[in-house]
Amino acid sequence: MFANAGIATFQPIEAVTEAGYDALMNTNVKGVFFTIQKAIPLQAEGSSVVVDASVTKRYGKPEEIASAVAFLLSPESSYMAGSTIYVDGGATQL
């Protein structure tokens, strides 16, 4: 399963409203969490869940993300568990 959600507002922290914060968290965290929760019982044994997130002001191109996703969904990643692979153009390294 490939789960992706994302809304973001780029504004100073003092400009964030509670309603805006709630909308962001409900979409990016709560919505993805409960979607995955409902879908897991439908997953085949040995399948994977890949959660996509964008952390930069630029969205990755499909071909930039596809290789990592293909690896995670392949038998070559079968020994991986509970790992995070960042495919974000190095933003987490800054």
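Our subject is the structure that appears above.
These remarks concern the structure in this document. (Residues numbered from 1 in each chain as written. Predicted model: local features only at pLDDT ≥ 70, side-chain atom pairs only at ≥ 80, totals over all residues. Heavy atoms only, no water.)

### Comments concerning the overall build of the protein
In step 1: For the protein, the helix and strand inventory stands at 2 helices and 2 strands.
In step 2: Scanning the protein from its N terminus toward the C terminus, one meets helices and strands in the order β-α-β-α.
In step 3: Once the C-alpha set of the protein is aligned to its principal axes, its extents read approximately 45 × 30 × 20 Å.
In step 4: Across the 94 residues that make up the protein, the buried fraction comes to 12%.
In step 5: Taking the intrachain contacts of the protein between residues at least 6 apart in sequence as the baseline, contacts between residues at least 24 apart amount to 49%.
In step 6: Split by element, the accessible area of the protein, about 7,500 Å² in all, is 60% carbon and sulfur. (Helix = DSSP H or I, 4+ residues; strand = E, 2+ residues; numbered from the N terminus. Buried < 20%, exposed > 50% of the residue type's maximum accessible area, 1.4 Å probe, protein only. Contact = heavy atoms within 4.5 Å. Areas by Shrake-Rupley, 256 points an atom, 1.4 Å probe, with all protein chains shown as cover.)

### Description of the packing of aromatic side chains
In step 1: Following the criterion strictly, the structure yields 1 aromatic pair and no others.
In step 2: Where F33 meets F34, the ring centres are 5.0 Å apart and the plane angle is 90°; that geometry is what we call edge-to-face. (Phe/Tyr/Trp six-rings, centres within 6.5 Å; stacked < 30°, edge-to-face > 60°.)

### A look at the environment of D22
In step 1: Along the chain, D22 falls in helix α1 (residues 18–39).
In step 2: Judged by its relative accessible area of 35%, D22 falls in the partly exposed class.
In step 3: D22 sits 19 residues away from P41 along the chain, and the two C-alpha atoms are 28 Å apart.

### Some thoughts on the environment of N26
In step 1: Inspection of the secondary structure assignment puts N26 in helix α1.
In step 2: Under the relative-accessibility criterion, N26 is labelled partly exposed at 42%.
In step 3: In sequence terms N26 and P62 are 36 residues apart; their C-alpha atoms lie 25 Å from each other.

### Quick notes on the side chain of S74
In step 1: Within the secondary structure layout, S74 lies in the segment after α2 (62–72).
In step 2: Judged by relative accessible area, S74 falls into the buried class, the value being 16%.
In step 3: At 2.8 Å, the side chain of S74 forms a polar contact with the side chain of E76. (Polar contact = N/O pair within 3.5 Å; in protein donor to acceptor, adjacent residues only side chain to side chain.)

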